[in-house]
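One-letter residues, chain by chain:
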Amino acid sequence: MKIVAEPKIIAFTCNWCSYAGADLAGTSRIQYPPNVRIIRLMCSGRVDPAFILRAFEIGVDGVLVSGCHPADCHYISGNEKAEIRVNSAKRILKLLGLESERLRLEWISASEGGRFAEIIRDFTEELQRLEESPFKVKLEPGTIEITMKETFKRTNIRYCLQCGECTSICPIARVDPKYSPRETVNRILTGPEGEILSDKSVWSCLTCGLCTERCPEDVNYPLFIRNLRVTATKMSVEHISPHNGIPLMVSRMMVSPRIKQNRLEWLPEEAQTSKQGDVLYFVGCLPYYNVFFEDLDFKGTKIAQSAIMILNKIGIKPVVLENERCCGHDLLWNGDVDNFERLAKLNLKDIEETRASKVIFSCPEGYDTIKKEYAKFFGDLGFETLHISEFLLDFVEKGKLKFDARIPKKVTYQDPCRLGRHQGIYDAPRKIVTSIPGIELVEMGKSRENAECCGVSAWINCNQFSDAEQIKRLEDIQNTGADILITACPKCQIHLKCAMSRKTPSKLESTNIEICDLTELIAEAMNLNSR
């Protein structure tokens, strides 16, 4: 569908040069299309990728970022930062399937009013040759209803004894004296609903599930918090999201049924995949995480590459979806149940078309969300869900998956909250690790049901308290004397790498333990790749 009306353009302009150039074009009566909205910033280097993505999310057709010519920046290196940030945004937009022509970076001086007008004219003509933005779409309203009455019933919250066991074990309560799960429950049961919904305590919980493990009345506090967030979101209560909200924003952009992503460039040339088949590998958001966390040298798609090579080695050509969406985990746990529902329906439709009977995950959050939440909200899935450790353990125990390489290393293992406490999978990853020749597994002081969280959940609570939790976990890891930390969750790896990069406490300045995903370790032990 071609654009008929004038395309909408947002132009982020530098205060000193390009805005002055735009102003000169106006005062000089230089004609250019009136379909541009100019936003003035002090420097083009302040244009965060989040600004650009948000513009496209709300349906603009094109974004112009403009600033001083190189070497003319009033802040010395602002335009260099602008180039880095615009290129980062372009990589994200490319993954989402948006044409590179929709985002432009131009240098315009204060005296170049004519150049500003010419750029807008040219940009408008270029956008008119493209199809309408896939984010200009009217979405169906959500159908999932979550009431406080249902929440009280499903979470056993009225059975709370106010014993304080939850607060005594809560990792956030340990570092934030103002936070208490017990007190949060007490306030919602005895006080005005609106008061607690606007309180930061609703967003402080990691939803790790340690409290539920300890609770004598089996109160499901994480689900209680999640449903409070749903209610708060429907009441337009806002909260701060780390990384300028980019991960959540990209998930919301995926709800458009018109996007056609470019998310499979990571596939090795020799990889064998299918369009239809018995086994489907759900990649998750790994291609996007590569861009989001490039500064941490996080290579999420290496996890996916390892998974494909392992499956190929044992004779499986898995289905990999070309237009797979985020599973919706983060939106759901942020309370955005409507967009979670939209993502889920798109994913279920695409999976159904592949005729897969098994869906394999290397991401515990995707696994937990599709296995538990999709089934709860949408009924029988029509396929079996397995974490890759469960799936591969069967091949290991039957002798169909063999380890050819010896890895003489001492390792420790981080239990992901969603794989461990939420799904009860503790043994499968450990059995695989200890089956690898040369590996010595050393457990942390707190592991399995008692394992500590990596400190952040669903891109909500990244603050000084999560920092303190991560530092504590790094101390636990360091105390094992392990050479390698094995994770089975990409976010655990991201958050702990981030914590190590800060090196805040002096006694952890020497901590630089290697972090390796379980899937990558298996591939290395099969001589399929090397770290």
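Structure: see above.
Okay, so let's go over this structure. (Residues numbered from 1 in each chain as written. Predicted model: local features only at pLDDT ≥ 70, side-chain atom pairs only at ≥ 80, totals over all residues. Heavy atoms only, no water.)

Secondary structure assignment for the protein yields 23 helices and 11 strands. On C-alpha atoms alone, the protein measures out to a radius of gyration of 25 Å, which is about the 24 Å that the 2.2 N^0.38 rule sets for 531 residues. In the protein, which comprises 531 residues, the proportion classed as buried is 58%. In the protein, once contacts between residues fewer than 6 apart in sequence are set aside, the share between residues at least 24 apart is 81%. Per element, the accessible surface of the protein, about 22500 Å² overall, is 48% carbon and sulfur. The centroid of the 70 positive side-chain charges in the protein is displaced by 1 Å from the centroid of its 72 negative side-chain charges. (Helix = DSSP H or I, 4+ residues; strand = E, 2+ residues; numbered from the N terminus. Rg over C-alpha atoms; globule rule 2.2 N^0.38 Å. Buried < 20%, exposed > 50% of the residue type's maximum accessible area, 1.4 Å probe, protein only. Contact = heavy atoms within 4.5 Å. Areas by Shrake-Rupley, 256 points an atom, 1.4 Å probe, with all protein chains shown as cover. Lys, Arg positive; Asp, Glu negative; His and termini not counted. Charge placed at Lys NZ, Arg CZ, Asp CG, Glu CD.)

Another point: the pairing of strand E4 (residues 103–107). For E4, a buried count of 4 out of 5 residues is recorded, marking the element as mostly surrounded by other parts of the structure. Sheet topology note: the strand E3 (residues 62–67)/E4 ladder contains 5 bridges and is parallel. Bridging across to E4, Val-65 finds its partner in Leu-105. This β-α-β element, E3 to helix H3 (residues 78–95) to E4, shows right-handed connectivity. (Pairing = 2+ DSSP bridges. Right-handed = clockwise from strand over helix to strand, strands pointing away.)

Below, the discussion takes up the sheet that holds E3. With respect to topology, 4 strands assemble into an open sheet ordered E2-E1-E3-E4, the strand pairing being parallel. A single partner strand is all that each edge strand has here, and the edge strands are strand E2 (36–41) and E4. The average angle at which neighbouring strand axes cross in this sheet is 20 degrees, direction not considered. Taken together, the 6 bridges between strand E1 (residues 9–14) and E2 define a ladder with parallel strand orientation. Each residue of the ladder has a partner; that of Ile-10, found in E2, is Arg-37. Where helix H1 (residues 18–27) meets the sheet, it contacts E1, E2 and E3, and its direction lies at approximately 115 degrees from that of E1. (Axes fitted to C-alpha atoms, helices over the stretch in contact; angles between N-to-C directions.)

Let us look at the sheet that holds strand E11 (residues 514–517). Spatially, E9-E8-E10-E11 is the arrangement adopted by the 4 strands of the open sheet, whose pairing is parallel. Among the strands making up the open sheet, the edge pair consists of strand E9 (440–441) and E11. Two strands pair when backbone bridges link them, and strand E8 (residues 410–414) and strand E10 (residues 484–487) are joined in this way by 4 bridges, in the parallel orientation. From the neighbouring strand, Val-411 faces E10, where its bridge partner is Ile-484.

Turning our attention to the packing of aromatic side chains. Counted by the stated rule, this structure contains 17 aromatic pairs. Between Tyr-32 and Phe-116, the aromatic rings sit 5.5 Å apart at their centres with planes inclined by 85 degrees, giving edge-to-face as the arrangement. One end of the pair, Tyr-32, is in the loop between H1 and E2; the other, Phe-116, is in helix H4 (residues 113–128), with 84 residues separating them in the sequence. Both rings, one in Tyr-289 and one in Trp-459, keep their centres 5.8 Å apart while their planes meet at 80 degrees; by these two values the pair is edge-to-face. Placement of Tyr-289 in helix H14 (residues 286–292) and of Trp-459 in the loop between E9 and helix H21 (464–479) is noted, with a sequence separation of 170 residues between them. For Tyr-289, a relative accessible area of 7% corresponds to the buried category. Here a set of aromatic residues connected by ring pairs shows up, and it is made of Tyr-288, Tyr-289, Phe-292, Phe-293 and Trp-459. Over the face of the ring belonging to Trp-333 we find Arg-226, whose NZ or CZ atom lies 4.8 Å from the ring centre. (Phe/Tyr/Trp six-rings, centres within 6.5 Å; stacked < 30°, edge-to-face > 60°. Lys NZ or Arg CZ within 6 Å of the ring centre and 35° of its normal.)

This next bit is on H21. Over its 16 residues, H21 extends 23 Å from the first C-alpha to the last, a length consistent with the 22 Å expected when each residue adds 1.5 Å. Those residues of H21 not exposed but buried are Phe-465, Ser-466, Glu-469, Gln-470, Ile-471, Arg-473, Leu-474, Glu-475, Asp-476 and Ile-477. Elements in contact with the buried residues of H21: helix H7 (171–175), E8, E10 and helix H22 (490–502). Of the residues flanking the start of H21, the one acting as N-cap is Asn-463, its side-chain oxygen 2.9 Å from the backbone nitrogen of Phe-465. One or two positions beyond H21, positive phi appears at Gly-481, with a value near 75 degrees. (Expected span 1.5 Å × (residues − 1). Polar contact = N/O pair within 3.5 Å; in protein donor to acceptor, adjacent residues only side chain to side chain.)

Another aspect to go through is the packing of helix H8 (residues 181–190) against helix H12 (residues 221–234). Running from amino to carboxyl end, H8 crosses H12 at an angle of 50 degrees, the nearest separation of the two axes being 12 Å. It follows that H8 is oblique to H12 by the angle criterion. The hand of the H8/H12 crossing is left-handed. Residues Pro-181, Thr-184, Val-185 and Ile-188 of H8 form the contact with H12, whose own contacting residues are Tyr-221, Phe-224, Ile-225 and Leu-228. (Parallel < 35°, antiparallel > 145°, perpendicular 65-115°, else oblique. Left-handed = near helix turned anticlockwise from the far one by under 90°.)

Take the environment of Phe-340 next. By the element assignment, Phe-340 lies in helix H17 (residues 337–354). Note on Phe-340: relative accessible area 0%, which makes it buried. Considering only alpha carbons, one finds Phe-340 and Ile-144, 196 residues apart in sequence, at a separation of 9.7 Å. Contacts of Phe-340, omitting those with residues within four sequence positions, involve Ile-144, Cys-327, Gly-328, Leu-331, Leu-332, Thr-369, Glu-373, Tyr-374, Phe-377 and Phe-378.

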